[in-house]
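Architecture at a glance
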Amino acid sequence: MPKKQKTKKVISNSLDPWVIIGVIGAIALLVLGVSGTLKPKTGQSISVDDPVERAIKNLFGVSQKTTTLEYSGEKMVIVEYSDFECPFCKKAHDGALKQIRQNFGDAVVIEYKHFPLSFHANAQKAAEASECAREQGKFWEYHDKLFENQKSLGVESLKQYAKELGLNTQSFNACLDDGVKAQLVRDQFLEGQSKGVSGTPAFFIGDSMISGAQPYENFLPVICAKIPQHDACVNAPQPVDFKMYVIQDQRCKDCDASRIVAVTRQLFPGVSVKYLDYSSKEGKELYDQVGLVFMPMYVMEASVEDDPAFSRIAGALRKTGDYYAILPQASGSSFDPNAEICTNGVDDNNDGIVDCDDAKCAASLECREEKPGEVQLFIMSDCPFGKKAVEGLSGAIDNFGDALNYDIHYIASEAGDGFNSLHGQYEWEENVRQLCAKKLAPDTYFDYVYCRSTNGVKGVDWKSCATSSGLDVNEMQACFDGEGKDLLREDIKIANALQVSASPTWLANNRYKFSGVDAETVRKNFCQYNVGVAGCENTLQTETTVPTGAGCS
(Lines give C-alpha, C1' and ligand atoms only; values in the text may rest on other atoms or scores of the structure.)
Protein backbone atom coordinates (compact mmCIF):
# COMPACT_ATOMS: atom_id res chain seq x y z
CA MET A 1 0.00 0.00 0.00
CA PRO A 2 1.18 3.55 -0.64
CA LYS A 3 2.55 5.28 2.42
CA LYS A 4 0.53 7.93 4.18
CA GLN A 5 1.63 11.40 3.26
CA LYS A 6 4.15 12.89 5.64
CA THR A 7 5.93 16.21 5.64
CA LYS A 8 9.65 15.58 5.29
CA LYS A 9 12.65 17.82 4.87
CA VAL A 10 14.23 17.25 1.47
CA ILE A 11 17.52 18.26 -0.06
CA SER A 12 17.44 20.96 -2.70
CA ASN A 13 17.84 19.80 -6.29
CA SER A 14 20.06 22.75 -7.16
CA LEU A 15 23.60 22.09 -8.35
CA ASP A 16 26.64 22.98 -6.31
CA PRO A 17 29.48 24.60 -8.32
CA TRP A 18 31.51 21.38 -8.24
CA VAL A 19 28.86 19.61 -10.37
CA ILE A 20 29.77 21.57 -13.48
CA ILE A 21 33.31 20.21 -13.37
CA GLY A 22 32.15 16.60 -13.56
CA VAL A 23 29.92 17.09 -16.57
CA ILE A 24 32.81 17.42 -19.02
CA GLY A 25 34.12 13.97 -18.18
CA ALA A 26 30.66 12.47 -18.50
CA ILE A 27 30.24 13.75 -22.06
CA ALA A 28 32.96 11.42 -23.34
CA LEU A 29 31.05 8.42 -22.00
CA LEU A 30 27.84 9.53 -23.65
CA VAL A 31 29.46 10.20 -27.03
CA LEU A 32 30.97 6.75 -27.13
CA GLY A 33 27.78 5.11 -25.91
CA VAL A 34 29.66 3.39 -23.10
CA SER A 35 28.04 3.54 -19.68
CA GLY A 36 29.12 2.22 -16.31
CA THR A 37 31.32 3.21 -13.44
CA LEU A 38 34.33 5.41 -14.06
CA LYS A 39 36.22 3.40 -11.48
CA PRO A 40 37.01 -0.30 -11.98
CA LYS A 41 34.96 -2.52 -9.73
CA THR A 42 36.53 -4.88 -7.25
CA GLY A 43 36.45 -8.66 -7.49
CA GLN A 44 37.42 -11.30 -9.99
CA SER A 45 34.04 -12.10 -11.51
CA ILE A 46 33.29 -11.15 -15.11
CA SER A 47 30.02 -9.34 -15.77
CA VAL A 48 28.25 -8.39 -18.98
CA ASP A 49 27.48 -5.09 -17.26
CA ASP A 50 31.16 -4.13 -17.08
CA PRO A 51 32.05 -1.15 -19.34
CA VAL A 52 34.75 -3.07 -21.22
CA GLU A 53 32.56 -6.14 -21.47
CA ARG A 54 29.80 -4.06 -23.02
CA ALA A 55 32.29 -2.70 -25.55
CA ILE A 56 33.48 -6.16 -26.57
CA LYS A 57 30.69 -8.53 -25.56
CA ASN A 58 29.97 -9.53 -29.18
CA LEU A 59 33.05 -11.67 -29.32
CA PHE A 60 34.23 -13.42 -32.47
CA GLY A 61 31.80 -15.89 -33.98
CA VAL A 62 32.71 -19.53 -33.57
CA SER A 63 31.33 -22.21 -35.83
CA GLN A 64 31.65 -25.29 -33.70
CA LYS A 65 31.16 -28.84 -34.87
CA THR A 66 32.12 -31.70 -32.64
CA THR A 67 32.90 -35.01 -34.29
CA THR A 68 31.12 -36.92 -31.51
CA LEU A 69 29.32 -36.33 -28.26
CA GLU A 70 30.95 -39.43 -26.82
CA TYR A 71 33.94 -38.48 -24.76
CA SER A 72 36.25 -40.70 -22.74
CA GLY A 73 38.59 -38.05 -21.33
CA GLU A 74 38.44 -36.08 -18.11
CA LYS A 75 35.12 -34.38 -17.48
CA MET A 76 34.58 -30.97 -15.98
CA VAL A 77 31.82 -29.36 -13.92
CA ILE A 78 30.06 -26.02 -14.32
CA VAL A 79 28.27 -24.94 -11.15
CA GLU A 80 25.39 -22.62 -12.03
CA TYR A 81 23.56 -20.36 -9.56
CA SER A 82 20.26 -19.41 -11.14
CA ASP A 83 16.70 -18.14 -10.68
CA PHE A 84 13.82 -19.59 -12.70
CA GLU A 85 12.11 -16.18 -12.89
CA CYS A 86 15.24 -14.31 -14.02
CA PRO A 87 15.09 -13.37 -17.74
CA PHE A 88 18.89 -13.40 -17.99
CA CYS A 89 18.93 -16.96 -16.63
CA LYS A 90 16.54 -17.98 -19.38
CA LYS A 91 18.77 -16.26 -21.92
CA ALA A 92 21.74 -18.29 -20.66
CA HIS A 93 19.62 -21.46 -20.69
CA ASP A 94 18.50 -20.89 -24.29
CA GLY A 95 21.90 -19.68 -25.48
CA ALA A 96 25.30 -20.53 -24.03
CA LEU A 97 24.24 -23.53 -21.96
CA LYS A 98 22.39 -25.07 -24.87
CA GLN A 99 25.48 -24.69 -27.07
CA ILE A 100 27.72 -26.14 -24.37
CA ARG A 101 25.51 -29.24 -24.16
CA GLN A 102 25.40 -29.55 -27.93
CA ASN A 103 29.14 -29.15 -28.47
CA PHE A 104 30.54 -30.87 -25.38
CA GLY A 105 27.94 -33.50 -24.64
CA ASP A 106 28.63 -35.47 -21.49
CA ALA A 107 32.15 -34.03 -21.19
CA VAL A 108 30.67 -31.09 -19.28
CA VAL A 109 28.45 -31.64 -16.26
CA ILE A 110 26.21 -28.70 -15.30
CA GLU A 111 25.32 -28.61 -11.62
CA TYR A 112 22.30 -26.36 -11.03
CA LYS A 113 21.99 -24.50 -7.73
CA HIS A 114 19.29 -22.12 -6.57
CA PHE A 115 19.67 -18.37 -6.07
CA PRO A 116 16.10 -16.99 -6.01
CA LEU A 117 16.07 -13.20 -5.79
CA SER A 118 13.60 -11.59 -3.41
CA PHE A 119 12.03 -9.31 -6.02
CA HIS A 120 11.02 -12.34 -8.13
CA ALA A 121 7.78 -13.26 -6.39
CA ASN A 122 7.60 -16.83 -7.72
CA ALA A 123 11.28 -17.74 -7.78
CA GLN A 124 11.47 -19.36 -4.34
CA LYS A 125 8.51 -21.71 -4.87
CA ALA A 126 9.65 -22.52 -8.40
CA ALA A 127 13.04 -23.55 -7.00
CA GLU A 128 11.34 -25.72 -4.36
CA ALA A 129 9.12 -27.28 -7.05
CA SER A 130 12.14 -28.27 -9.12
CA GLU A 131 13.60 -30.06 -6.11
CA CYS A 132 10.28 -31.83 -5.51
CA ALA A 133 10.52 -32.99 -9.12
CA ARG A 134 14.09 -34.15 -8.50
CA GLU A 135 12.74 -36.53 -5.86
CA GLN A 136 10.90 -38.28 -8.68
CA GLY A 137 13.89 -38.26 -11.02
CA LYS A 138 12.71 -35.48 -13.32
CA PHE A 139 14.61 -32.39 -12.22
CA TRP A 140 15.95 -31.46 -15.66
CA GLU A 141 12.65 -32.06 -17.42
CA TYR A 142 10.95 -29.84 -14.86
CA HIS A 143 13.81 -27.31 -15.04
CA ASP A 144 13.27 -26.98 -18.79
CA LYS A 145 9.51 -26.71 -18.36
CA LEU A 146 9.93 -23.78 -15.95
CA PHE A 147 12.13 -21.82 -18.33
CA GLU A 148 9.73 -22.56 -21.20
CA ASN A 149 6.90 -21.09 -19.10
CA GLN A 150 8.80 -18.39 -17.22
CA LYS A 151 5.90 -15.94 -17.24
CA SER A 152 3.60 -18.40 -15.47
CA LEU A 153 5.22 -19.69 -12.29
CA GLY A 154 2.41 -19.45 -9.75
CA VAL A 155 1.84 -22.41 -7.44
CA GLU A 156 -1.10 -23.77 -9.45
CA SER A 157 0.98 -23.63 -12.63
CA LEU A 158 3.86 -25.39 -10.87
CA LYS A 159 1.48 -28.22 -9.96
CA GLN A 160 0.12 -28.35 -13.51
CA TYR A 161 3.62 -28.77 -14.95
CA ALA A 162 4.21 -31.70 -12.62
CA LYS A 163 1.02 -33.30 -13.92
CA GLU A 164 2.04 -32.71 -17.54
CA LEU A 165 5.39 -34.41 -16.89
CA GLY A 166 3.71 -37.47 -15.43
CA LEU A 167 4.87 -36.98 -11.85
CA ASN A 168 3.01 -38.39 -8.86
CA THR A 169 1.04 -35.23 -8.20
CA GLN A 170 -0.07 -36.23 -4.71
CA SER A 171 3.55 -36.55 -3.54
CA PHE A 172 4.65 -33.52 -5.54
CA ASN A 173 1.89 -31.26 -4.23
CA ALA A 174 2.51 -32.31 -0.64
CA CYS A 175 6.24 -31.62 -1.07
CA LEU A 176 5.52 -28.15 -2.49
CA ASP A 177 2.73 -27.15 -0.10
CA ASP A 178 4.65 -28.24 2.99
CA GLY A 179 7.81 -26.35 2.00
CA VAL A 180 9.88 -29.52 2.29
CA LYS A 181 12.62 -28.10 0.04
CA ALA A 182 12.60 -24.51 1.34
CA GLN A 183 15.66 -24.93 3.54
CA LEU A 184 17.64 -26.67 0.79
CA VAL A 185 16.97 -23.72 -1.51
CA ARG A 186 17.89 -21.26 1.23
CA ASP A 187 21.14 -23.13 1.96
CA GLN A 188 22.16 -22.97 -1.71
CA PHE A 189 21.39 -19.26 -1.81
CA LEU A 190 23.60 -18.64 1.23
CA GLU A 191 26.33 -20.83 -0.28
CA GLY A 192 26.23 -18.69 -3.43
CA GLN A 193 26.50 -15.51 -1.37
CA SER A 194 29.52 -16.92 0.46
CA LYS A 195 31.20 -17.51 -2.91
CA GLY A 196 30.61 -13.94 -4.06
CA VAL A 197 27.44 -14.36 -6.11
CA SER A 198 25.53 -11.07 -6.24
CA GLY A 199 23.16 -11.71 -9.15
CA THR A 200 21.95 -14.34 -11.55
CA PRO A 201 23.04 -16.25 -13.47
CA ALA A 202 26.51 -16.93 -12.08
CA PHE A 203 28.77 -19.79 -13.13
CA PHE A 204 31.82 -21.38 -11.55
CA ILE A 205 34.30 -23.36 -13.61
CA GLY A 206 36.98 -24.39 -11.17
CA ASP A 207 38.21 -21.15 -9.62
CA SER A 208 36.84 -18.99 -12.45
CA MET A 209 33.54 -17.17 -12.02
CA ILE A 210 31.50 -15.94 -14.98
CA SER A 211 28.59 -13.61 -14.16
CA GLY A 212 25.65 -12.85 -16.40
CA ALA A 213 24.09 -14.25 -19.55
CA GLN A 214 27.30 -14.21 -21.52
CA PRO A 215 27.68 -15.73 -24.97
CA TYR A 216 28.99 -19.24 -25.53
CA GLU A 217 32.26 -17.82 -26.84
CA ASN A 218 33.06 -16.40 -23.40
CA PHE A 219 32.71 -19.83 -21.79
CA LEU A 220 34.79 -21.57 -24.44
CA PRO A 221 38.32 -20.55 -23.37
CA VAL A 222 37.61 -21.36 -19.72
CA ILE A 223 36.21 -24.78 -20.57
CA CYS A 224 39.02 -25.51 -23.01
CA ALA A 225 41.62 -24.64 -20.40
CA LYS A 226 40.26 -27.64 -18.47
CA ILE A 227 39.70 -30.12 -21.31
CA PRO A 228 41.80 -28.86 -24.25
CA GLN A 229 41.81 -32.26 -25.96
CA HIS A 230 38.06 -32.21 -26.59
CA ASP A 231 37.07 -31.83 -30.25
CA ALA A 232 35.13 -28.64 -29.54
CA CYS A 233 38.36 -27.12 -28.24
CA VAL A 234 40.64 -28.53 -30.90
CA ASN A 235 38.37 -27.05 -33.59
CA ALA A 236 38.08 -23.65 -31.93
CA PRO A 237 40.04 -20.60 -33.16
CA GLN A 238 43.37 -20.49 -31.37
CA PRO A 239 44.18 -17.53 -29.13
CA VAL A 240 47.27 -15.39 -29.69
CA ASP A 241 49.94 -15.00 -27.02
CA PHE A 242 50.61 -11.36 -26.19
CA LYS A 243 51.47 -9.20 -23.20
CA MET A 244 49.32 -6.56 -21.55
CA TYR A 245 50.96 -3.94 -19.33
CA VAL A 246 48.89 -2.51 -16.51
CA ILE A 247 50.26 0.89 -15.44
CA GLN A 248 49.19 1.87 -11.93
CA ASP A 249 50.09 4.55 -9.42
CA GLN A 250 50.71 3.56 -5.81
CA ARG A 251 49.33 6.94 -4.73
CA CYS A 252 45.86 6.00 -5.99
CA LYS A 253 44.24 4.12 -3.12
CA ASP A 254 40.96 3.52 -4.98
CA CYS A 255 42.44 2.22 -8.23
CA ASP A 256 41.68 -1.46 -8.75
CA ALA A 257 42.67 -3.10 -12.03
CA SER A 258 41.48 -6.60 -11.09
CA ARG A 259 38.12 -6.29 -12.80
CA ILE A 260 39.46 -5.28 -16.21
CA VAL A 261 42.32 -7.75 -15.98
CA ALA A 262 39.84 -10.55 -15.26
CA VAL A 263 37.67 -9.56 -18.24
CA THR A 264 40.69 -9.39 -20.53
CA ARG A 265 41.95 -12.80 -19.42
CA GLN A 266 38.51 -14.23 -20.03
CA LEU A 267 38.33 -12.91 -23.58
CA PHE A 268 42.01 -13.39 -24.49
CA PRO A 269 43.29 -16.69 -23.06
CA GLY A 270 46.76 -16.01 -24.50
CA VAL A 271 47.32 -12.77 -22.60
CA SER A 272 50.00 -12.45 -19.92
CA VAL A 273 49.89 -9.46 -17.60
CA LYS A 274 52.78 -7.33 -16.34
CA TYR A 275 52.14 -4.65 -13.73
CA LEU A 276 54.14 -1.40 -13.82
CA ASP A 277 54.04 1.55 -11.44
CA TYR A 278 54.01 5.09 -12.76
CA SER A 279 56.99 5.88 -10.53
CA SER A 280 59.19 3.33 -12.37
CA LYS A 281 61.23 4.29 -15.42
CA GLU A 282 59.53 1.65 -17.59
CA GLY A 283 56.07 2.64 -16.39
CA LYS A 284 56.61 6.36 -16.96
CA GLU A 285 58.11 5.83 -20.43
CA LEU A 286 55.24 3.60 -21.56
CA TYR A 287 52.68 6.01 -20.07
CA ASP A 288 54.20 8.92 -22.01
CA GLN A 289 54.42 6.86 -25.21
CA VAL A 290 50.76 5.85 -25.14
CA GLY A 291 49.64 9.42 -24.59
CA LEU A 292 46.45 8.76 -22.64
CA VAL A 293 45.86 10.45 -19.29
CA PHE A 294 44.00 8.27 -16.85
CA MET A 295 45.04 5.22 -14.87
CA PRO A 296 44.94 2.34 -14.37
CA MET A 297 46.15 2.16 -17.97
CA TYR A 298 45.88 -1.08 -19.96
CA VAL A 299 48.40 -1.36 -22.80
CA MET A 300 48.47 -4.38 -25.14
CA GLU A 301 51.18 -5.45 -27.53
CA ALA A 302 50.19 -4.91 -31.17
CA SER A 303 50.06 -8.67 -31.78
CA VAL A 304 46.65 -8.61 -30.10
CA GLU A 305 45.29 -7.63 -33.52
CA ASP A 306 45.97 -11.21 -34.70
CA ASP A 307 43.70 -12.69 -32.03
CA PRO A 308 40.24 -13.84 -33.23
CA ALA A 309 38.63 -11.49 -30.71
CA PHE A 310 40.38 -8.33 -31.81
CA SER A 311 37.91 -7.18 -34.47
CA ARG A 312 35.22 -6.93 -31.82
CA ILE A 313 37.19 -4.74 -29.41
CA ALA A 314 38.84 -2.33 -31.82
CA GLY A 315 36.33 0.38 -30.92
CA ALA A 316 37.50 0.27 -27.28
CA LEU A 317 41.19 0.59 -28.19
CA ARG A 318 43.57 3.25 -29.45
CA LYS A 319 46.77 2.35 -31.29
CA THR A 320 50.03 4.13 -30.55
CA GLY A 321 53.14 2.77 -32.21
CA ASP A 322 53.52 -0.89 -31.28
CA TYR A 323 50.74 -0.86 -28.70
CA TYR A 324 46.99 -0.76 -28.29
CA ALA A 325 45.54 0.84 -25.15
CA ILE A 326 42.04 0.46 -23.77
CA LEU A 327 40.35 3.86 -23.83
CA PRO A 328 39.69 5.16 -20.31
CA GLN A 329 36.06 5.75 -21.29
CA ALA A 330 35.73 1.99 -21.71
CA SER A 331 37.86 0.81 -18.81
CA GLY A 332 36.49 3.29 -16.29
CA SER A 333 39.95 4.65 -15.46
CA SER A 334 39.84 8.12 -13.90
CA PHE A 335 43.05 8.76 -11.95
CA ASP A 336 45.29 11.47 -13.39
CA PRO A 337 48.83 11.01 -12.03
CA ASN A 338 49.71 14.60 -12.87
CA ALA A 339 46.72 16.16 -11.11
CA GLU A 340 46.34 17.17 -7.49
CA ILE A 341 45.65 14.24 -5.17
CA CYS A 342 43.17 15.71 -2.75
CA THR A 343 43.95 13.93 0.50
CA ASN A 344 47.71 13.36 0.73
CA GLY A 345 48.95 16.73 2.05
CA VAL A 346 51.24 17.22 -0.97
CA ASP A 347 51.20 19.83 -3.73
CA ASP A 348 51.13 17.18 -6.48
CA ASN A 349 50.76 19.50 -9.47
CA ASN A 350 53.17 22.17 -8.20
CA ASP A 351 50.72 25.05 -8.35
CA GLY A 352 51.32 26.13 -4.77
CA ILE A 353 47.88 24.93 -3.58
CA VAL A 354 47.48 21.73 -1.56
CA ASP A 355 44.65 19.19 -1.47
CA CYS A 356 41.07 20.52 -1.12
CA ASP A 357 42.18 24.14 -1.50
CA ASP A 358 43.02 23.32 -5.12
CA ALA A 359 40.07 23.99 -7.44
CA LYS A 360 40.84 20.74 -9.25
CA CYS A 361 39.64 18.89 -6.14
CA ALA A 362 36.20 20.50 -6.19
CA ALA A 363 34.51 17.32 -7.47
CA SER A 364 36.26 15.01 -5.01
CA LEU A 365 33.96 13.38 -2.48
CA GLU A 366 36.59 13.91 0.20
CA CYS A 367 36.50 17.67 -0.40
CA ARG A 368 32.74 18.09 -0.53
CA GLU A 369 31.05 20.01 2.23
CA GLU A 370 29.73 17.61 4.84
CA LYS A 371 26.01 18.07 5.42
CA PRO A 372 24.91 16.15 8.52
CA GLY A 373 21.56 14.39 8.43
CA GLU A 374 21.40 13.98 4.66
CA VAL A 375 20.88 10.83 2.61
CA GLN A 376 20.76 10.85 -1.19
CA LEU A 377 19.58 7.82 -3.15
CA PHE A 378 20.44 7.29 -6.84
CA ILE A 379 18.22 4.84 -8.73
CA MET A 380 16.74 3.79 -12.04
CA SER A 381 12.99 3.91 -11.51
CA ASP A 382 12.35 0.33 -12.67
CA CYS A 383 15.54 -1.30 -11.43
CA PRO A 384 14.36 -4.04 -9.04
CA PHE A 385 17.23 -3.30 -6.66
CA GLY A 386 16.47 0.43 -6.81
CA LYS A 387 12.81 -0.20 -6.00
CA LYS A 388 13.85 -2.32 -3.01
CA ALA A 389 16.08 0.54 -1.91
CA VAL A 390 13.06 2.88 -2.00
CA GLU A 391 11.37 0.49 0.43
CA GLY A 392 14.50 0.60 2.58
CA LEU A 393 14.43 4.39 2.52
CA SER A 394 10.80 4.25 3.61
CA GLY A 395 11.78 2.29 6.71
CA ALA A 396 14.56 4.78 7.45
CA ILE A 397 12.16 7.74 7.06
CA ASP A 398 9.74 6.12 9.49
CA ASN A 399 12.57 5.51 11.95
CA PHE A 400 14.30 8.90 11.88
CA GLY A 401 11.43 11.24 11.03
CA ASP A 402 12.46 14.85 10.47
CA ALA A 403 16.04 14.09 11.55
CA LEU A 404 16.59 12.53 8.10
CA ASN A 405 16.80 14.84 5.09
CA TYR A 406 16.47 12.74 1.95
CA ASP A 407 16.56 13.19 -1.79
CA ILE A 408 16.22 10.80 -4.73
CA HIS A 409 18.14 11.18 -8.00
CA TYR A 410 17.88 9.25 -11.25
CA ILE A 411 20.43 7.47 -13.44
CA ALA A 412 20.20 7.72 -17.23
CA SER A 413 22.12 9.30 -20.12
CA GLU A 414 21.18 11.90 -22.69
CA ALA A 415 20.55 10.80 -26.28
CA GLY A 416 19.60 13.59 -28.64
CA ASP A 417 16.34 15.12 -27.49
CA GLY A 418 15.65 12.09 -25.30
CA PHE A 419 17.48 9.74 -23.02
CA ASN A 420 18.86 6.22 -22.70
CA SER A 421 17.89 4.15 -19.69
CA LEU A 422 18.80 0.54 -18.92
CA HIS A 423 15.24 -0.76 -19.02
CA GLY A 424 14.04 1.30 -21.96
CA GLN A 425 12.13 4.46 -22.80
CA TYR A 426 9.33 3.80 -20.32
CA GLU A 427 11.88 3.91 -17.50
CA TRP A 428 13.33 7.32 -18.29
CA GLU A 429 9.79 8.59 -18.77
CA GLU A 430 9.00 7.40 -15.25
CA ASN A 431 12.21 9.06 -14.03
CA VAL A 432 10.78 12.31 -15.43
CA ARG A 433 7.42 11.76 -13.73
CA GLN A 434 9.06 11.14 -10.36
CA LEU A 435 11.09 14.32 -10.75
CA CYS A 436 7.90 16.18 -11.66
CA ALA A 437 6.32 14.82 -8.49
CA LYS A 438 9.29 16.20 -6.55
CA LYS A 439 8.97 19.56 -8.29
CA LEU A 440 5.24 19.81 -7.60
CA ALA A 441 5.21 18.40 -4.05
CA PRO A 442 8.75 18.52 -2.61
CA ASP A 443 7.58 17.63 0.90
CA THR A 444 5.46 14.61 -0.02
CA TYR A 445 6.68 13.32 -3.42
CA PHE A 446 8.11 10.24 -1.76
CA ASP A 447 4.59 8.82 -1.48
CA TYR A 448 4.37 8.72 -5.29
CA VAL A 449 7.85 7.17 -5.65
CA TYR A 450 7.02 4.57 -3.01
CA CYS A 451 3.70 3.73 -4.68
CA ARG A 452 5.35 3.22 -8.07
CA SER A 453 8.18 1.17 -6.57
CA THR A 454 5.85 -1.20 -4.76
CA ASN A 455 3.02 -1.40 -7.30
CA GLY A 456 5.12 -1.59 -10.45
CA VAL A 457 6.20 0.69 -13.28
CA LYS A 458 6.15 -1.11 -16.62
CA GLY A 459 2.63 -1.50 -17.90
CA VAL A 460 1.15 0.02 -14.73
CA ASP A 461 -0.84 3.28 -15.01
CA TRP A 462 0.99 6.03 -13.12
CA LYS A 463 -2.14 8.11 -12.60
CA SER A 464 -3.53 5.97 -9.78
CA CYS A 465 -0.33 6.46 -7.75
CA ALA A 466 -0.40 10.18 -8.48
CA THR A 467 -4.00 10.47 -7.29
CA SER A 468 -3.46 8.38 -4.14
CA SER A 469 -0.40 10.52 -3.33
CA GLY A 470 -2.35 13.78 -3.54
CA LEU A 471 -0.85 14.93 -6.84
CA ASP A 472 -2.85 16.61 -9.60
CA VAL A 473 -2.71 14.36 -12.67
CA ASN A 474 -3.09 17.30 -15.06
CA GLU A 475 -0.24 19.19 -13.40
CA MET A 476 1.92 16.06 -13.56
CA GLN A 477 1.21 15.67 -17.28
CA ALA A 478 1.90 19.36 -17.94
CA CYS A 479 5.27 19.05 -16.17
CA PHE A 480 6.08 15.89 -18.11
CA ASP A 481 5.28 17.60 -21.43
CA GLY A 482 7.05 20.82 -20.42
CA GLU A 483 10.05 21.12 -18.13
CA GLY A 484 10.24 17.44 -17.21
CA LYS A 485 13.11 16.56 -19.55
CA ASP A 486 15.15 19.50 -18.27
CA LEU A 487 14.63 18.22 -14.72
CA LEU A 488 16.10 14.86 -15.72
CA ARG A 489 19.00 16.49 -17.56
CA GLU A 490 19.95 18.40 -14.43
CA ASP A 491 19.59 15.26 -12.31
CA ILE A 492 21.84 13.29 -14.66
CA LYS A 493 24.54 15.91 -14.15
CA ILE A 494 24.49 15.21 -10.42
CA ALA A 495 24.99 11.46 -10.89
CA ASN A 496 27.67 11.94 -13.54
CA ALA A 497 29.64 14.38 -11.41
CA LEU A 498 29.66 11.85 -8.58
CA GLN A 499 30.56 9.04 -10.97
CA VAL A 500 27.41 7.17 -10.00
CA SER A 501 26.04 4.67 -12.51
CA ALA A 502 24.75 1.80 -10.36
CA SER A 503 21.20 1.63 -9.01
CA PRO A 504 20.99 1.89 -6.06
CA THR A 505 23.84 4.06 -4.84
CA TRP A 506 23.58 5.99 -1.57
CA LEU A 507 25.38 9.10 -0.38
CA ALA A 508 25.40 9.98 3.33
CA ASN A 509 26.06 13.51 4.56
CA ASN A 510 26.87 14.65 1.01
CA ARG A 511 30.20 12.77 1.09
CA TYR A 512 30.08 9.07 1.90
CA LYS A 513 28.96 6.45 -0.63
CA PHE A 514 27.46 3.13 0.39
CA SER A 515 25.35 0.37 -1.14
CA GLY A 516 22.46 -1.81 -0.03
CA VAL A 517 18.68 -1.94 -0.20
CA ASP A 518 17.25 -2.53 3.28
CA ALA A 519 16.35 -0.08 6.03
CA GLU A 520 18.91 -1.49 8.45
CA THR A 521 21.75 -0.85 6.00
CA VAL A 522 20.56 2.74 5.63
CA ARG A 523 20.36 3.12 9.42
CA LYS A 524 23.87 1.76 10.00
CA ASN A 525 25.50 3.97 7.39
CA PHE A 526 23.51 7.06 8.33
CA CYS A 527 24.33 6.61 12.03
CA GLN A 528 28.01 5.98 11.28
CA TYR A 529 28.25 9.63 10.23
CA ASN A 530 25.46 11.02 12.43
CA VAL A 531 26.25 9.67 15.87
CA GLY A 532 23.65 10.20 18.55
CA VAL A 533 20.69 10.96 16.29
CA ALA A 534 17.42 9.65 17.74
CA GLY A 535 16.59 6.37 16.02
CA CYS A 536 20.16 5.15 15.76
CA GLU A 537 19.55 2.92 18.77
CA ASN A 538 16.90 0.93 16.86
CA THR A 539 17.42 -2.17 14.72
CA LEU A 540 15.35 -2.02 11.52
CA GLN A 541 14.02 -4.63 9.13
CA THR A 542 16.83 -6.63 7.51
CA GLU A 543 15.00 -9.52 5.86
CA THR A 544 16.09 -9.52 2.23
CA THR A 545 17.62 -12.00 -0.18
CA VAL A 546 19.16 -9.22 -2.25
CA PRO A 547 22.95 -9.70 -2.03
CA THR A 548 25.01 -6.82 -0.66
CA GLY A 549 26.19 -4.58 -3.47
CA ALA A 550 23.68 -5.90 -6.01
CA GLY A 551 22.38 -3.34 -8.47
CA CYS A 552 21.58 -2.34 -12.04
CA SER A 553 24.38 -0.69 -14.00
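I will try to describe carefully the structure that is included in this document. Just so it is clear, the model here is predicted, and its values are computed rather than measured. Sequence positions are assigned chain by chain, starting from 1 and proceeding in written order. Local features in a predicted model are, by the rule used here, given only for residues with pLDDT of at least 70; side-chain atom pairs are given and counted only at 80 or more, and totals for whole chains, interfaces and linings are based on all residues. Side-chain numbers come from the whole structure's heavy atoms, not from hydrogens or water.

What follows concerns the pairing of strand S11 (residues 374-379). Partly exposed residues are those whose accessible area sits between 20% and 50% of the maximum for their type, while under 20% is buried and over 50% is exposed, using a 1.4 Å probe and protein chains only. For helices the rule is a DSSP run of H or I covering at least 4 residues; for strands it is a run of E covering at least 2, with both sets numbered from the N terminus onward. Counted residue by residue, S11 has six buried out of six residues, so it is predominantly covered. By the alternation rule, side chains of S11 split into Glu374, Gln376 and Phe378 and Val375, Leu377 and Ile379, which are all buried. Note that S11 and strand S12 (residues 405-410) share six bridges and pair parallel. Each bridged residue has a counterpart across the sheet, and for Val375 the counterpart in S12 is Tyr406. A clockwise path from the first strand over the helix to the second, with the strands pointing away from the viewer, defines a right-handed crossover. Crossover handedness for the path S11 to helix H15 (residues 384-400) to S12: right-handed. Here S11 runs beside strand S15 (residues 505-508); their pairing, made up of four bridges, is antiparallel. Along S15, the bridge assignment pairs Phe378 with Thr505. In short, DSSP must find at least two bridges between two strands for them to pair.

Here we take up the pairing of strand S10 (residues 323-326). The side-chain alternation of S10 yields two buried faces, one formed by Tyr323 and Ala325 and the other by Tyr324 and Ile326. Joining the antiparallel neighbours strand S9 (residues 317-320) and S10 is a turn of two residues, in which Gly321 adopts a positive phi near 60°.

Overall, mixed pairing links the five strands, which are arranged S7-S6-S8-S10-S9 in an open sheet. Strands at the two margins of the open sheet, each flanked by one partner only, are strand S7 (271-277) and S9. For this sheet the average axis-to-axis angle between neighbouring strands, irrespective of direction, equals 25°. In this analysis, two residues are considered to be in contact whenever any of their non-hydrogen atoms come within 4.5 Å of each other. Whenever a helix is involved, its axis is fitted only over the stretch in contact; in every case the axis is a line through C-alpha atoms, and angles between N-to-C directions fall within 0 to 180 degrees. Its contacts with the sheet put helix H12 (residues 258-267) on strand S6 (242-248), S7, strand S8 (297-301) and S10, and the angle it makes with S7 is roughly 160°. Each of S6, S7, S8, S9 and S10 is contacted by helix H13 (residues 281-290), which is oriented at about 105° to S7, the strand it contacts most.

Geometric values such as these leave the question of function open.
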